[in-house]
Structures are given as C-alpha cells and as structure tokens.
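# Reading the structure
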Amino acid sequence: MGQWKYSVLRAVSLLAITLSLFPAARAQGPSASPTKVIFDTDFAVPPQDDATALMLALKSPELNILGVTTVAGNDTVQRATSDALRVLEIAERTDIPVYEGFNRPWLHEKTEFATKVHGKWWSDEAPPMPPGGFAKKKAESESAVTFLIRAVERNPNEITIIAIGPLTNVATAIRQKAGFAKKVKKIVIMGGAFASLADGSGNVTPNAEFNFWVDPEAAQVVIRSGIPIVLTPLNVTSKTDFSKASYDKIVAADTPLTRLIKQTMGPWVEKHPTMHSQMYDQLTVAALVDPTLVKTKDLYVDVDINHGPDYGTSLGADRVWEGAEGAVKVSVQYDVDANRFLQMFTERITSK
Ligand code: RIB
Ligand code: CA
C-alpha cells in the first residue's frame with residue numbers, strides 16, 4: 001500500500017505514534033542547563049503522536065518548556081488547546097502556559113479531498129471532552145504568535161522551537177516581526193518527505209507530508225527564514241516501529257500518563273494486537289534531546305506552493321536546481337537507531 005494513502009494508515013499510525021519514549025541518553029551532559037523550548041503543536045490526546053511527544057518532552061530534564069502553542073492540523077485548534085491543557089493537568093504541569101494559535105492555514109482552502117483524508121484543520125467544531133473532563137486551567141489570553149514573538153525577544157538566540165504541526169504560527173511570527181528569525185536559536189520540525197532520498201513517499205498525496213501539505217505557504221516561509229533548521233521527514237519516521245510489545249511495556253508502568261494512554265489507546269490495541277505504527281513527532285523531540293539517535297545530511301530544501309497536484313510537496317537536493325533558487329540548506333534526518341529511540345521513549349514515558 002502506498003504510504004500516501006494516509007487516511008487508511010492513519011488510525012494505525014496514530015496509535016503507534018502516540019506511544020514512543022526514549023532511554024535517558026544524556027547527549028547534553030548532566031551539567032548543561034536545559035534547552036529553552038516552545039512546543040508548537042496540532043495536539044490531541046493519545047493515540048495522537050503530539051501527545052506522547054509532549055510526554056517525552058515533559059520527562060526530559062534536558063528541556064525547559066516555556067510554553068505550548070497550538071495550531072489547527074490533526075484536528076481543530078480548539079481541540080488542540082483543550083487536549084493540551086488536559087494532558088498538562090494530568091501530568092501536573094499546569095505551570096506550563098498554553099497559547100492558542102491559528103484555526104486555519106494561510107491559503108489552503110477546505111476541499112472535498114481535505115475532508116476525506118486525515119485531519120480536521122478546516123473545521124471549527126467544538127472540542128470533544130477530553131478523558132476525565134475539560135482542564136480547570138484555560139488557555140492564556142495572549143495569542144500563540146504574540147507569545148512566540150515576546151518569548152524570543154526576551155531570550156534572543158536561546159529558544160529552540162519544536163514544531164510538530166502545520167507551520168502557520170511560526171511563519172506568521174516570522175512575517176509579523178522583523179528580526180524574529182534571527183533571534184530563534186533553532187527550529188526542529190516534523191515535516192516533509194524527500195523523493196530524492198530513500199522512503200520518500202508522502203502520506204497525504206503521493207509526495208506531500210501532512211504538516212507541510214496543510215500549510216505549504218507557511219512551510220516555505222519557515223524553510224526560507226534563515227533559522228537553523230533540523231527536519232524530521234517521513235524518510236526517517238518510516239524507519240520507526242511502535243508495536244503492542246512497546247504499548248504493553250508502557251501501560252505496565254501505571255502512572256497518570258500511562259493510564260491516559262491505556263484509556264485512550266487500549267481498546268484499539270487490544271483489537272489489533274499485531275499493529276505496527278510509525279512514530280513521527282516523538283522522533284523530533286528525541287533527536288533534539290539526543291542527536292546521536294539519527295543520521296542527517298545537509299540538503300537544499302524548498303516547498304512547492306503551486307496550487308496543483310504537487311501542492312505542499314517538499315524537495316531536496318545537494319545543490320540548487322533550476323526553479324529552486326530560493327532553496328535553503330537544511331539538516332535533514334534520513335536514518336535512526338530505531339531500537340535505541342524506542343528504548344529511550346519507553347523508559348522516559350514510563351518514569352515516575
Ligand atoms: O505527517 C505526520 C505529522 O502529521 C505528525 O506531526 C502528525 O501528528 C500529523 O500532524
Ligand atoms: Ca503533529
């Protein structure tokens with residue numbers, strides 16, 4: 001089955017996506033001060049991968065999460081905000097503020113195709129009640145973009161953005177505030193798929209990956225922004241594998257977070273004991289904590305924003321080619337030590 005048959009794969013993938021965690025690789029060394037991060041996400045509770053990626057970040061002392069910014073993607077932005085608040089409440093980390101972002105991509109219009117593939121980025125329906133009820137704490141009144149700009153201004157060259165949804169918020173901050181891009185230390189992005197590397201099929205169209213496809217114009221602005229970028233494309237996530245064995249290990253730990261995973265994923269996993277799924281956003285977080293988990297290569301990258309059959313496709317090569325004069329050198333992950341990644345994910349997610 002082609003990987004671009006995203007709607008078919010999605011249910012399976014999201015389950016696996018949700019459950020990744022990593023062993024305590026201490027790439028930074030115990031004395032380094034934690035990296036300040038902003039977590040920009042199209043969040044939903046497990047089996048959504050964003051949720052277990054956040055759990056991994058919460059359980060990684062190498063990271064200091066200054067805030068969570070939400071965006072429409074996997075679901076509505078309203079659901080992203082509501083579910084992020086609830087997971088932070090379950091994790092007893094309500095000290096981390098949540099800022100709601102864009103409810104739509106810049107230009108991508110809802111189409112019949114969009115309504116049939118994964119993701120409710122085109123909708124404004126009310127969020128479903130998360131497990132255990134809506135969180136007591138609400139989102140901040142400041143918008144995601146205003147927070148991004150304010151935080152980066154206050155911490156020049158210190159903040160790494162973890163971007164694991166459509167790039168609408170980040171691109172808007174870049175466009176809105178002159179000098180913003182120059183003051184961001186780094187951005188690690190789950191997005192893209194490169195036909196020029198192995199395993200480069202898309203997951204929503206033949207060549208486009210979901211996050212880039214939802215807001216291609218925003219993805220292009222971020223890629224061309226000059227911010228140092230590390231990309232986690234489908235080429236590398238396709239080498240990850242989450243199965244029931246890992247799920248069983250995680251839920252055996254019995255913590256508030258693993259109980260949530262059991263509640264939301266358990267029925268599906270029990271019905272599909274032979275399930276295997278990719279881990280997307282979790283790998284972006286893990287590789288930030290421990291870059292030795294992945295192999296990368298520098299490619300000139302750009303995003304197709306022509307509203308045709310390749311809309312949202314990422315392209316990459318070791319030199320600029322005709323028509324891609326705007327392409328920018330980016331560090332692209334293409335291989336992963338999948339066992340060590342899964343071990344790290346599992347150990348951390350299950351930690352008390
Ligand atoms: O293509 C995978 C990406 O799309 C992940 O970030 C997943 O959460 C969805 O947003
Ligand atoms: Ca995501």
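Described in the following lines is the structure provided in the data block. (Residues numbered from 1 in each chain as written. Chains lettered and ligands numbered in written order. Predicted model: local features only at pLDDT ≥ 70, side-chain atom pairs only at ≥ 80, totals over all residues. Heavy atoms only, no water.)

Our focus in this paragraph is the site of ligand 1. Taken together, 15 residues lie near ligand 1, and Asp 42, Asp 49, Asp 50, Glu 209 and Asp 281 sit nearest. Note that an oxygen atom of ligand 1 is positioned 2.8 Å from one of the side-chain N or O atoms of Asp 42. Here Gln 48 contributes a side-chain N or O atom positioned 3.0 Å from an oxygen atom of ligand 1. Calculation on ligand 1 without its partners gives an accessible area of 280 Å², and the protein chains cover 100% of this total. Among the residues forming the shell around ligand 1, the class breakdown is five nonpolar, four polar and six charged. (Near = heavy atom within 4 Å. Polar contact = N/O pair within 3.5 Å; in protein donor to acceptor, adjacent residues only side chain to side chain. Areas by Shrake-Rupley, 256 points an atom, 1.4 Å probe, with all protein chains shown as cover. Nonpolar A, V, L, I, M, F, W, Y, C, P; charged D, E, K, R; others polar.)

When a metal carries six donors in an octahedron, the ideal angles between them are 90 or 180 degrees, while four donors in a tetrahedron ideally lie at 109.5 degrees. At 2.2 to 2.6 Å from the calcium ion (ligand 2) lie its protein donor atoms, namely Asp 42 (OD), Asp 50 (OD), Asp 50 (OD), Ile 164 (O) and Asp 281 (OD). Each donor residue of the calcium ion (ligand 2) belongs to the same chain, with the gaps between them written as D-x7-D-x113-I-x116-D. Of this pair, Asp 42 sits in the loop between strand E1 (35–41) and helix H2 (49–58) while Asp 281 sits in helix H13 (residues 281–289), placing them 239 residues apart in sequence. Here Asp 42 and Asp 281 have matching classes, each one buried. (Donors = N, O, S within 2.8 Å, 3.2 Å for Na, K, Ca; no water. Helix = DSSP H or I, 4+ residues; strand = E, 2+ residues; numbered from the N terminus. Buried < 20%, exposed > 50% of the residue type's maximum accessible area, 1.4 Å probe, protein only.)

A few words on the nonpolar core. Within the largest apolar cluster, 57 residues are counted, with the highest numbers of intra-cluster contacts made by Phe 39, Leu 54, Ile 65, Val 68 and Ile 162. When residues of this core are assigned to their parent elements, the largest contribution, seven residues, is made by H2. Setting aside its immediate chain neighbours within four residues, Leu 54 contacts Phe 39, Phe 43, Ile 65, Val 68, Val 87 and Leu 88. (Core = buried A, V, L, I, M, F, W, Y, C linked by side-chain atoms within 4.5 Å. Contact = heavy atoms within 4.5 Å.)

On to helix H5 (residues 144–154). Regarding H5, the residues found buried are Ala 144, Val 145, Phe 147, Leu 148, Ile 149, Ala 151 and Val 152. Close packing links the buried residues of H5 with E1, strand E2 (63–70), strand E3 (98–100), strand E4 (159–163), helix H6 (168–176) and helix H7 (180–183).

The topology assignment puts Thr 168 in helix H6. Apart from residues no more than four positions distant in its own chain, Thr 168 is found in contact with Val 71, Phe 102, Arg 104, Pro 105, Trp 106, Asp 215 and Ala 218.

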